[in-house]
Amino acid sequence: MEFEQDSNLTLPLFLLDETLSERDLEQPDFEISIGLDDELLAQICQNPSEDSSIAITVNSYELLIGDSPYLKILDQEHDAQITLTHGPLLSVILNTEDQKAFVSPQMDMMPTFDLGDEDE
């Protein structure tokens, strides 16, 4: 997965319940789009040790909910967090005010950077 400053990271979200392991990854409940500013980019470019994880609160995100039973989430309080585990692996969890949790699949990521070394 490549990250670029001032771009968006868009991930599918699935309701966290007993049917999660049976869900089709091509059919998420909805998606989350997270704006990658320089501060957030610096935070997600970490690789925690094998026995730890890092939780990062996300302040700037947009929920992409089409014609879905979850459309009402847009009208209630919710918060998102990125979790990094050793690998590094990245996932997102969204919690709603009615105590529902939505999770993204873990994504294997190795950040790449444009250092401006391209031939002009």
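This report concerns the structure included in the present document.

Reading the values: the criteria
- Residues numbered from 1 in each chain as written.
- Predicted model: local features only at pLDDT ≥ 70, side-chain atom pairs only at ≥ 80, totals over all residues.
- Heavy atoms only, no water.
- Phe/Tyr/Trp six-rings, centres within 6.5 Å; stacked < 30°, edge-to-face > 60°.
- Helix = DSSP H or I, 4+ residues; strand = E, 2+ residues; numbered from the N terminus.
- Buried < 20%, exposed > 50% of the residue type's maximum accessible area, 1.4 Å probe, protein only.
- Core = buried A, V, L, I, M, F, W, Y, C linked by side-chain atoms within 4.5 Å.
- Contact = heavy atoms within 4.5 Å.
- Salt bridge = Lys/Arg side-chain N within 4 Å of Asp/Glu carboxyl O.

In this section: the packing of aromatic side chains. Scanning the entire structure with this criterion turns up three aromatic pairs. Arranged with centres 6.2 Å apart and planes meeting at 55 degrees, the rings of Phe30 and Tyr70 form a pair that is tilted. Here Tyr70 lies in the loop between β4 (61-64) and β5 (78-85) and Phe30 lies in strand β2 (residues 30-36), a separation of 40 residues in the sequence. In this structure Phe30 comes out as buried when scored by relative accessible area, which is 3%. Residues Tyr70 and Phe102 carry aromatic rings whose centres are separated by 5.1 Å and whose planes lie at 85 degrees to one another, so their mutual orientation is edge-to-face. Here Phe102 lies in strand β7 (residues 101-103) and Tyr70 lies in the loop between β4 and β5, a separation of 32 residues in the sequence. For Tyr70, a relative accessible area of 16% corresponds to the buried category. Overall, Phe102 belongs to the buried group, its relative accessible area being 0%.

This next bit is on the nonpolar core. Considering soluble globular proteins, one finds that nonpolar side chains tend to be buried as a cluster. The biggest cluster of nonpolar side chains holds 25 residues, and the ones touching the most others in it are Phe30, Ile32 and Ile82. Of all elements in the fold, only β1 (7-15), β2, α1 (38-44), β3 (53-58), β5 and β6 (89-96) reach the threshold of two or more residues within this core. For Ile82, the residues in contact, after removing those within four places along its chain, are Ile34, Leu40, Ile44, Ile54, Ala55, Ile56, Val58, Leu90, Ser91 and Val92.

What follows concerns the pattern of salt bridges. As enumerated under the stated definition, the model contains two salt bridges in all. Asp29 is the partner of Arg23 in a salt bridge, and the nearest nitrogen-oxygen pair spans 2.9 Å. When its relative accessible area of 25% is taken as the criterion, Arg23 is described as partly exposed. By relative accessible area, Asp29 is classed as buried at 15%.

To continue, consider unusual backbone geometry. Look at the link from Gly87 to Pro88: it is a cis peptide, with omega at -5 degrees. Here Pro88 shows up in the loop between β5 and β6. A positive phi angle, near 65 degrees, is found at Gln99, a position not held by glycine. With respect to the helices, strands and loops of the structure, Gln99 is situated in the loop between β6 and β7. The exposed category is assigned to Gln99, whose relative accessible area is 71%.

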